[in-house]
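Here is how the chains run, residue by residue.
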Amino acid sequence: MKANCWYGKEKVRVEEVPDPALLSARDAIVRVTSTAICGSDLHLYNGLVPTMEKGDVLGHEFMGEVVEVGSAVVNLKVGDRVVVPFPIACGSCAACQQDEFSLCENSNPNAWIAEKMWGHSPAGLFGYSHMLGGYAGGQAEYVRVPFADVGPLKVPAELSDEQVLLLSDIFPTGYMGAEMCGIQPGDVVAVWGAGPVGQLAVASARMFGAERVIAIDHIGYRLKMAQGSAGATDVIDYDESDVHQALMELTGGRGPDACIDAVGMEAHAHGPMYAIDRAKQAVMFETDRPLALRQAIRACKNGGTIAIIGVYGGFIDTFPIGAIVNRSLTIRAGQCHVHRYMRPLLERIARGEIDPSFVITHRLPLSDAAQGYEMFAQKLDDCEKVVLKAA
Amino acid sequence: MQSQALAPRGGSGRTGGLIGWLSLGLGLTQVVAPGAVTRLIGARDNERRRTIVRAIGLREIVVGLGFLTQGHARWLWARVLGDALDLALLSRTAVSGNAKAGRLALASAALVGVGWLDAQHARELGRERHGVSQGRLDLGAVVTISCSCDEVYSFWRDFQNLPRFISYLEAVRAQNGHSRWWARAPAGIELKWDAEITVDRPGEVIAWQSLHGSELPNRGLVRFKPAPGGRGTEVHLALTFEPPGGRLGVAVARLLAKISEQKLYNDLRRLKQLIETGDVVRSDASIHRGPHPARPSRGPLAQR
């Protein structure tokens, strides 16, 4: 089969690789119809995630048709059309039992590597390094889906691939970001990053009843989308104005009630701190550049909440712990427990309350994956979200 | 592994720490007062000697700091190498003639003594790092499994299940009240031994021990404790291997090199997977070595 493989920094290419096979009675094989490139795939693309190996198949946002099921998979049958959540979860461990699916205790066969880095291991993920399981990803014609009796969600025929594909990751991720903010009616929420996750965090914050949602970025077309499609009431272009000052202006000096970091480890900003963080990252003094996170913590109102949904991998410097302690801030974070949100969000899509496909700007055949990565990484041609058509 | 992480940096006990601090102190003295040190060891003070002494001082500081922060045996071996180098320098000074013979001899004797201490300690530390103390390998690991103590006990008590999650075991069979164990050492070498159960309290503890005359004397103890808050069972495993005295047989040495606390943790994780999910959880990369749908996983990542 054809699959998009990682070969190093800014090197991906579609190759012929062996077809996946069932390894367990609880597996299914899915023939991929649509698969998306995630912002977090760009961290792999930029070579910032350890334990990637040449040839690894990328991709964790995918959907398609079930073509083979293991004997223990009774909920699916060949021919079913499914969306697959990006974390792999067994459904029976203590974490899964508490709906914390991205913390599944059993799905990472390389848990010991993650433990070395993070103390404990989270769930295994599709196509996201050996530290997180070494599972082949979904930017391919076929994928082996472990615990197929737990993860995949059947989707109705009347909804298009694009309407439901983003249930695999970024819609639930944005939604969980907004949920972690504990939004009350009248709240003002600021969202750093108007990439695809940021857009859906903005839309979700509105769904939770935030009165005002402020999107922060420096890319014109993304801010336009945040305001025009996602429902942001205000936008801040940090090329033009100082973020902190602008937020104080917009919130009467209080600061946002909640802040969402939808940027993660590769933040951009202006000023000397950016140069310092870049330098530190280059010489491995820190693995991640927390520029958006620092801004969010500084701006957040006293007693407010900061939800981190942008991906961080390792260690950061100059973390404003003083602001957190002395101003009673709450930090919440997590890889999305996708399984928890898929069904209710599918219902919302089916009812026409939201169509997350507004973020999709580019459709390419799987064979053009490398071009898709480049466009998304370089933000060429007003690229916001790339969907690869595998069949 | 866990016990190592808790052990004070600088190796086993006080001597380790002492060597580190001694290195640091000596180094600082050599850098700050190279003249005095040169005279102390009985050599004549001149600018060239001071430079050499300063350089040695810097080396001592680096090695001392390295050992104190990392506590690794290789820093001690670096010290041994340094001691040898210093001894060579001293003997050159002695040959050159312009030195006080008595002090030089004393300094040399001290160096030999320190070098011996370093080497002894480095060897001991190296052994400890591998969990082997006086030829014995003690290992432990824990995991929490979401099921009752009785369930894990029953699964474990059927020793034939052990090779399903313990990576170094090939097979275990019950035989007239005893059990026969086959272990897999690298290069296709096989080891076997017979074992008997020494403690058996259902739902609580199982202990076993290899019988006299086993190729690899070993014993194990597994305890099952209810986890707080109804979170299932804590499994505490302790294994002891006692390689036959003297030189280890090749097979035994190879097998022991394959066993570590990390592997034991991985083994218990597989036990958890078996009980909680019904199967050992695998990705393509965790089982294949060549090309496969997740592509090759080589080197340290291919750990089983």
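Trainee: What is the right way to read helix α12 (residues 338–350) of chain A from this model?
Mentor: In an α-helix, one full turn covers 3.6 residues, which means residues spaced three or four apart are oriented alike. Residue and element names in this part refer to chain A. Spanning 13 residues, α12 covers 18 Å between terminal C-alpha atoms, matching the ideal 18 Å at 1.5 Å per step. In α12, a bend of some 25° at Pro344 exceeds every other bend along the element. All buried positions along α12 are accounted for by Val338, His339, Arg340, Tyr341, Met342, Leu345, Leu346 and Ile349. Lining the buried residues of α12 we find β5 (81–84), β6 (87–88), β9 (153–154), α4 (161–165) and α5 (170–180). In the segment just after α12, Gly352 is the residue with positive phi, at about 80°.

Trainee: What exactly am I supposed to notice about the sheet that holds strand β13 (residues 258–261) of chain A here?
Mentor: One key point about sheets: their strands pair by backbone hydrogen bonds, in either a parallel or an antiparallel sense. Residue and element names in this part refer to chain A. The sheet built from 6 strands is open, its strands ordered β12-β11-β10-β13-β14-β15 with parallel pairing. Looking at which strands have only one partner, the edges of the open sheet turn out to be β12 (234–237) and β15 (330–333). Each strand of the sheet is rotated relative to its neighbour by a mean of 20°, with strand direction disregarded. The pairing of strand β11 (residues 212–217) with β12 spans 4 bridges and is classified as parallel. Looking at β12, one finds that Ala215 is bridged to Val235.

Trainee: Can you help me understand the domain arrangement of chain A in this one?
Mentor: Accessible area lost when the parts come together is the quantity often used to give the size of an interface. All names here are of chain A. With domains assigned, chain A is organised as domain 1 (2–169 + 336–389) and domain 2 (171–333). A separation of 25 Å is found between the C-alpha centroids of domain 1 and domain 2. With 24 residues of domain 1 in contact, the opposing surface of domain 2 contributes 22 residues. For the side of domain 1 that touches domain 2, the secondary structure elements donating two or more residues are α1 (39–45) and α12. If one sorts the elements of the side of domain 1 that touches domain 2 by residue count, α12 sits on top with 4 residues.

Trainee: What should I look at first to understand the nonpolar core in this one?
Mentor: General note: in soluble globular proteins, nonpolar side chains tend to be found buried as a group. All names here are of chain A. Counting 132 residues, the largest nonpolar core has Val189, Val191, Ile214 and Ile260 as its most contacted members. Among the domains, domain 1 (2–169 + 336–389) and domain 2 (171–333) are the pair contributing at least three residues each to this core. The contacts of Ile214, once residues within four sequence positions are left out, are Val188, Ala190, Val191, Ala232, Asp234, Val235, Ile236, Leu247, Leu250 and Pro256.

Trainee: Could you clarify how one ought to interpret the interface of chain B and chain A in this entry?
Mentor: Each partner contributes to the interface: chain B provides 25 residues, whereas chain A provides 32 residues. Counting residues per element, the ones that place at least two in the side of chain B that touches chain A are α9 (261–277) and α10 (284–287) of chain B. A per-element tally of the side of chain B that touches chain A places α9 of chain B first, with 8 residues.

Trainee: Looking at this structure, I do not really get the packing of α5 of chain A against α12 of chain A. What am I missing?
Mentor: For any two helices packed against each other, one specifies the inter-axial angle together with the distance between the axes. Residues and elements named next belong to chain A. The geometry of α5 relative to α12 is characterised by a closest axis approach of 9 Å and an angle of 100° between their N-to-C directions. With respect to each other, α5 and α12 are oriented roughly perpendicular. Here Phe171, Pro172, Tyr175 and Met176 of α5 lie close against α12, whose contacting residues are Val338, Tyr341, Met342 and Leu345. Considered class by class, the residues forming the contact of α5 with α12 number 8 nonpolar, no polar and no charged.

Basis of the calculations
- Residues numbered from 1 in each chain as written.
- Chains lettered and ligands numbered in written order.
- Predicted model: local features only at pLDDT ≥ 70, side-chain atom pairs only at ≥ 80, totals over all residues.
- Helix = DSSP H or I, 4+ residues; strand = E, 2+ residues; numbered from the N terminus.
- Expected span 1.5 Å × (residues − 1).
- Bend = angle between axes of the 7 residues up to and from the residue.
- Buried ≥ 20, exposed ≤ 12 C-beta atoms within 10 Å, placed from the backbone.
- Contact = placed C-beta atoms within 7 Å.
- Pairing = 2+ DSSP bridges.
- Axes fitted to C-alpha atoms, helices over the stretch in contact; angles between N-to-C directions.
- Domains from an automatic or database assignment.
- Core = buried A, V, L, I, M, F, W, Y, C linked by C-beta atoms within 7 Å.
- Parallel < 35°, antiparallel > 145°, perpendicular 65-115°, else oblique.
- Nonpolar A, V, L, I, M, F, W, Y, C, P; charged D, E, K, R; others polar.

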